[in-house]
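Letter by letter, the chains look like this.
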Amino acid sequence: MSRNFSFPQLGESRTKVKRNHAFVSPDGHVQTTLPNWQKAMVTILVSPQMGARFSQYLVDCSRGSIGTAAPEGIERFIFVVSGSVTLEIGKKKHVLEEYGYALVPADVEHKITSKGKGQLNIFERRYIAIEGHDKPKLAIGNEKKLKGEAFLGDEGLICRKLLPEDLGFDIAVNTMSFEPGTPLPFVETHIMEHGMLMLEGGGVYRLDDDWYPIHQGDNLWMGPYCPQWFGCLGKVPAKYLLYKEANRDPDAHAKLS
Ligand code: UGY
Ligand code: MN
């Protein structure tokens, strides 16, 4: 990201990192390199270091950026925030355009290449296998092609499920799209963790007892049982990408931490 250094921030930041949640705004981003992302800059937003049981990071790509497989046992969900990339698995090539996505199951060799500027949002975590259900297969699609469903009957709030509802999957990734003036219907408090990236629009997010003005580009971590609520403000709709744990006993998730 480009910054204007002509006027200093005077020690102010919108970013807050707390015991059970984090609000990470681009004003504090520091990029790094990772061995499995060549010619690309990475910003790690959520990680086990802050108490989460998964990782969320942004990859800023340019011409010639290459991503290779995650470490052993780690599944990887790729979402194209902007630009386009090619995902190669064996002899097959899949082009992922803006809002295209893929869940690459753990231990599947793959290569991601970019021909130009773009940004990826990645979720990764150690896959939890269960007896009687196969490890998920590659899941691939584009969010823009999904119709979605009214969330708890509210037509102003559409939930699009990017992954199949199959017990083999241990995570869900959804988008939530809010018409202006629409809130989440109640303050949710649940065991499942979330990682979130605001893709469009904004509003106010309540996390625990804190309230955050939030807009496109901001990221949240919501830990287990963190009370959470969002209201879409302004004249344009809001949309966020949401990671959620799914389909596993509490004990299985706990062993990850
Ligand atoms: O399904 C969910 O947990 C979702 N409604 N939570 C959220 O948007 N913070
Ligand atoms: Mn929730």
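Here the structure is shown first, and the text comes after it.
Residues numbered from 1 in each chain as written. Chains lettered and ligands numbered in written order. Predicted model: local features only at pLDDT ≥ 70, side-chain atom pairs only at ≥ 80, totals over all residues. Heavy atoms only, no water.

(A) The sheet that holds strand β20 (residues 219-222), seen in detail. Pairing is antiparallel in the open sheet, where eight strands are placed in the order β1-β2-β20-β17-β22-β16-β15-β14. Lying at the two open borders of the sheet, with one neighbouring strand each, are β1 (16-17) and β14 (149-151). (Pairing = 2+ DSSP bridges. Helix = DSSP H or I, 4+ residues; strand = E, 2+ residues; numbered from the N terminus.)

(B) Fine view of the coordination of the manganese ion (ligand 2). With distances of 2.1 to 2.3 Å, the protein atoms coordinating the manganese ion (ligand 2) are E188 (OE), H190 (NE2), H194 (NE2) and Q228 (OE1). Between the six donor atoms coordinating the manganese ion (ligand 2), the angles at the centre fall across 76 to 176 degrees, so the site counts as octahedral. On the primary sequence, the residues serving as donors to the manganese ion (ligand 2) are separated as E-x1-H-x3-H-x33-Q. Residue H190 is classed as buried on the basis of its relative accessible area, which comes to 12%. (Donors = N, O, S within 2.8 Å, 3.2 Å for Na, K, Ca; no water. Tetrahedral: all angles 85-135°; square planar, octahedral: opposite > 155°, others 65-115°. Buried < 20%, exposed > 50% of the residue type's maximum accessible area, 1.4 Å probe, protein only.)

(C) Looking closely at the pairing of strand β4 (residues 37-46). As paired elements, strand β3 (residues 32-34) and β4 share two bridges and run antiparallel to each other. Bridge pairing links L34 to W37 in β4. The loop that links β3 with its antiparallel partner β4 comprises two residues. With two bridges joining them, β4 and strand β6 (residues 66-68) adopt antiparallel strand pairing. Each residue of the ladder has a partner; that of W37, found in β6, is G67. With five bridges connecting them, β4 and strand β5 (residues 55-61) associate as antiparallel partners. Paired with V46 across the strands is Q56, a residue of β5.

(D) The arrangement of the site of ligand 1 in detail. Lining the immediate surroundings of ligand 1 are F151, M176, L184, E188, H190, H194, Y205, M222, Q228, Y240, L242 and K244. A distance of 3.1 Å separates an oxygen atom of ligand 1 from a polar side-chain atom of H194. Note that an oxygen atom of ligand 1 is positioned 2.6 Å from one of the side-chain N or O atoms of Y240. For ligand 1, whose free accessible area comes to 270 Å², the fraction covered by protein is 96%. Across the shell around ligand 1, the residue classes tally to seven nonpolar, three polar and two charged. (Near = heavy atom within 4 Å. Polar contact = N/O pair within 3.5 Å; in protein donor to acceptor, adjacent residues only side chain to side chain. Areas by Shrake-Rupley, 256 points an atom, 1.4 Å probe, with all protein chains shown as cover. Nonpolar A, V, L, I, M, F, W, Y, C, P; charged D, E, K, R; others polar.)

(E) Representation of the pattern of salt bridges. Across all of its chains, the model carries 13 salt bridges by this definition. Among the ionic pairs, D210 bridges to K18, the shortest N-O distance being 3.2 Å. Here D210, found in strand β19 (residues 210-215), pairs with K18, found in the loop between β1 and β2 (21-24); they are 192 residues apart in sequence, far enough to count as distant. Accessibility expressed as a relative area gives 23% for D210, which makes it partly exposed. Note that K161 and E165 form a salt bridge whose closest N and O atoms lie 3.3 Å from each other. On the accessibility criterion, K161 (42% relative accessible area) is partly exposed. A relative accessible area of 70% places E165 in the exposed class. The structure contains a network of salt bridges with shared partners spanning R53, E75, R125, D170, E193 and E245. (Salt bridge = Lys/Arg side-chain N within 4 Å of Asp/Glu carboxyl O.)

(F) Summary view of the side chain of K239. Along the polypeptide, K239 turns up in strand β22 (residues 238-245). Side-chain polar atoms of K239 contact the side chain of E143, separated by 2.9 Å. Once you skip the residues sitting within four places of it in the chain, K239 turns out to touch Y99, E143, R160, T175, M176, S177, L197, M198, L199 and E200. (Contact = heavy atoms within 4.5 Å.)

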